[in-house]
Amino acid sequence: MKFDVIVVGAGTAGCLAAKTAAEAGLKVGIIERKTQEDIGDKICGDALGEHHVKSVKLPDPPVDVIDAKIEGIKIYSPDLETIFTVRHEDFSGYLLDRKRFGQWLLRMALDAGANLFDATLCLEPIISNGAAIGVTAKNLRTGRVERFIAKVVVDASGFSAVIRRKLPRDMNVENEVSNDDVEACYREIRQLKNGVESKYCEIYLNQDVTPGGYAWLFYKGRSRVNAGLGVCMRKGFPNPRSQFYRHVINKPIFEGSTILSAGAWYDPTRRPLDNMVGNGVIITGDAACLVNPIHG
Ligand SMILES: Cc1cc2nc3c(=O)[nH]c(=O)nc-3n(C[C@H](O)[C@H](O)[C@H](O)COP(=O)(O)OP(=O)(O)OC[C@H]3O[C@@H](n4cnc5c(N)ncnc54)[C@H](O)[C@@H]3O)c2cc1C
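Position numbers for residues count from 1 along each chain, tracking the sequence in the order it is written. Confidence filtering applies because this is a predicted model: local features only for residues at pLDDT of at least 70, side-chain atom pairs given and counted only at 80 or more, and all residues used for totals across whole chains, interfaces and linings. The side-chain quantities take in all heavy atoms of the structure and omit both hydrogens and water.

1. Some points on the sheet that holds strand β12 (residues 182-191)
Next, step 1: When DSSP finds two or more bridges between a pair of strands, those strands are recorded as paired. Starting at the N terminus, helices and strands are each numbered in turn, a helix being any DSSP run of H or I of at least four residues and a strand any DSSP run of E of at least two. Read across the sheet, 7 strands follow the order β6-β5-β13-β14-β15-β12-β16 without closing on themselves; strand pairing throughout is mixed. Edge positions in the sheet fall to β6 (83-86) and β16 (258-268), since each of these pairs with one other strand and no more. Averaged over all neighbouring strand pairs, the angle between strand axes comes to 20°, with direction disregarded.
Next, step 2: Sheet analysis places β12 next to strand β15 (residues 224-232), joined by 9 bridges and oriented antiparallel. Angles here are taken between N-to-C directions and fall from 0 to 180 degrees, while the axes themselves are lines fitted to C-alpha atoms, restricted in helices to the stretch in contact.

Set out below in structure tokens:
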């Protein structure tokens, strides 16, 4: 199959890249390992600053995509005695229904004309004369491996970075990201027994509990909270799930709460890749370490 652009990954970066390219009149294919209905399901804090939506010129998210509105952030010192409250238009935003947010972005990419190949696992880039000219991918329904030829391959496969990791050395793209620059995260969405709400995201700094990272409590409305923590994956780093159960879930607000969703994932918190392009390839999103280097 031949395309102008093949986008690997239908996460936030992939859907926006596909939408942008399709709106420019290019023939776009998106390869995503998840099934279409699972796209958007992601281990995340679910918080999104309103200014990000505006800066990429998206319309306001539909009402059913927003779980709650945020007015700012409260940052707690390790002894919890000092609370730094940030209230500014740059820190107002949303707590998202993450899956619906992903489906909303996907719908915009498809409406712009992009073609989705879901349940399709991208295997590697096809390299010819030092340039990426496409990818190979396995259809997870049939088991068939297919070649997708494109003028440009966009690696938007998130932390997996399936293309970036396999680019030839002489493209001068960092294939690997050091563990010292990665946060290992664990998060749960909990239904609280006693209704607790806040318009502020809460960040807890404590280098003993979360070396190189922090813990968070983000209130999602209807007495639900997105809670988690991240630790830097330096040698000997603590297990984030154990730290979560030892230091976060013992807070009184969690008494009698139930788990709605739980999981772990990685976040590359460093400067962006020094080089995000090569012949025939663009790297974006987490694959290019484009998360905010301070907070992920
Ligand atoms: C625990 C945690 C909490 C976070 N909290 C927040 C927050 O509150 N606010 C915020 O803004 N950011 C947060 N982030 C960061 C944010 O989630 C990521 O920066 C963002 O989702 C990256 O988007 P992406 O499109 O680059 O990657 P992803 O969203 O990871 O999308 C990558 C896509 O590629 C697909 N894929 C991967 N490999 C393949 C393959 N081989 N073949 C086909 N498809 C493939 C995946 O299935 C996925 O759909 C958090 C991250 C973590 C881990």
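2. Brief notes about the domain arrangement of the protein chain
Next, step 1: All domain edges in this entry derive from an automatic or database-based domain assignment. Each assigned domain of the protein chain is listed here: domain 1 (2-46 + 97-177 + 271-288) and domain 2 (179-268).
Next, step 2: On a C-alpha basis, the centroid separation for the pair domain 1 and domain 2 is 29 Å.
Next, step 3: Contacts are assigned to residue pairs that have any heavy atoms within 4.5 Å of one another. Taken together, the 9 residues of domain 1 in the interface contact 16 residues of domain 2.
Next, step 4: Regarding the contact of domain 1 and domain 2, the summed buried area is about 1,100 Å², with carbon and sulfur atoms giving 59% of it.
Next, step 5: Area buried by domain 1 at its contact with domain 2 is led by I43, F159 and V177, which between them contribute 53% of it.
Next, step 6: We define a salt bridge as a contact between a side-chain nitrogen of Lys or Arg and a carboxyl oxygen of Asp or Glu at a distance within 4 Å. In this assembly, domain 1 and domain 2 are joined by 1 salt bridge.
Next, step 7: Under the rule applied, a polar contact is a pair of N or O atoms within 3.5 Å (in protein, one hydrogen donor and one hydrogen acceptor; residues adjacent in sequence only if both atoms are side-chain atoms). Here domain 1 and domain 2 share 5 residue pairs in polar contact (both at pLDDT 80 or more) between them.
Next, step 8: Its residues placed into classes, the side of domain 1 that touches domain 2 shows 4 nonpolar, 2 polar and 3 charged. Buried area: the sum, over both parts, of the accessible surface (1.4 Å probe) that disappears when the two are put together. Residue polarity follows a fixed list, in which Ala, Val, Leu, Ile, Met, Phe, Trp, Tyr, Cys and Pro are nonpolar, Asp, Glu, Lys and Arg are charged, and the others, Gly among them, are polar.

3. Notes on helix α4 (residues 240-247)
Next, step 1: Any residue under 20% of the maximum accessible area for its type is buried, any over 50% is exposed, and the rest in between are partly exposed; the area is computed with a 1.4 Å probe on protein chains only. Those residues of α4 that fall on the buried side of the exposure criterion are P240, Q243 and F244. On an axial view of α4, the arc spanned by its buried residues comes to 105°, and they lie on one face.
Next, step 2: Of the surrounding secondary structure, the elements contacted by the buried residues of α4 are β12 and β15.
Next, step 3: Where α4 begins, the capping side chain belongs to N239, and its oxygen is found 2.8 Å from the backbone nitrogen of R241. The arc in question is the one spanned by the directions pointing from the helix axis to the C-beta atoms.

4. Some words on the site of the ligand
Next, step 1: Looking at the ligand, there are 32 residues lining it, with E32, G45, A47, D286 and V291 nearest.
Next, step 2: The separation between an oxygen atom of the ligand and a polar side-chain atom of K42 is 3.2 Å.
Next, step 3: The backbone of C122 places a nitrogen or oxygen atom 2.9 Å from a nitrogen atom of the ligand.
Next, step 4: Per-residue and other accessible areas follow the Shrake-Rupley method at a 1.4 Å probe size, with only the shown protein chains counted as cover for residues. For the ligand, whose unbound accessible area comes to 1,000 Å², protein coverage reaches 88%.
Next, step 5: For the shell around the ligand, the secondary-structure elements that each account for two or more residues are α1 (12-23), β9 (120-128), β14 (214-221) and β16.
Next, step 6: In terms of residue class, the shell around the ligand is made up of 15 nonpolar, 9 polar and 8 charged.
Next, step 7: Both of domain 1 (2-46 + 97-177 + 271-288) and domain 2 (179-268) provide at least three residues apiece to the shell around the ligand. It suffices for a single heavy atom of a residue to lie within 4 Å of a molecule or strand for the residue to be listed as near it.

5. Observations concerning the packing of aromatic side chains
Next, step 1: Working definition: rings of Phe, Tyr and Trp (its six-membered ring) pair if their centres are within 6.5 Å, and the pair is stacked with planes under 30 degrees apart, edge-to-face with planes over 60 apart, and tilted otherwise. The tally for this structure, following the rule as stated, stands at 13 aromatic pairs.
Next, step 2: Aromatic side chains F159 and Y266 sit 5.0 Å apart centroid to centroid with 25° between the ring planes, which places their arrangement in the stacked category. Taken together, the residues span a long stretch of sequence, with F159 in the loop between β11 (145-155) and β12 and Y266 in strand β16 at a distance of 107 residues.
Next, step 3: When its relative accessible area of 18% is taken as the criterion, F159 is described as buried.
Next, step 4: Arranged with centres 6.4 Å apart and planes meeting at 50°, the rings of Y186 and Y245 form a pair that is tilted. Of the two residues, Y186 sits in strand β12 while Y245 sits in helix α4, which places them 59 residues apart along the sequence.
Next, step 5: Accessibility expressed as a relative area gives 6% for Y186, which makes it buried.
Next, step 6: On the accessibility criterion, Y245 (30% relative accessible area) is partly exposed.
Next, step 7: Chaining the aromatic ring pairs together yields one cluster made of F3, F117 and F148.
Next, step 8: Looking at K27, its charged tip hangs above the ring of F3, at a distance of 5.0 Å from the centre.
Next, step 9: As a reminder, the over-ring test applies to NZ of lysine and CZ of arginine, requiring each to be within 6 Å of the ring centre and within 35 degrees of the ring normal. The lysine or arginine in question, K251, covers the ring of Y204, its NZ or CZ lying 4.3 Å from the ring centre.

6. A few points about the sheet that holds strand β7 (residues 93-96)
Next, step 1: Reading across the sheet, the 3 strands line up as β3-β7-β4 and stay open at both edges, with antiparallel pairing between neighbours. Bordering the open sheet on either side are β3 (47-49) and β4 (66-70), each of which pairs with just one other strand. Taking each pair of neighbouring strands and ignoring which way they run, the sheet shows an average axis angle of 30°.
Next, step 2: Pairing geometry for β3 and β7, over 3 bridges, is antiparallel. Its bridge partner lying in β7, A47 is registered against L95.

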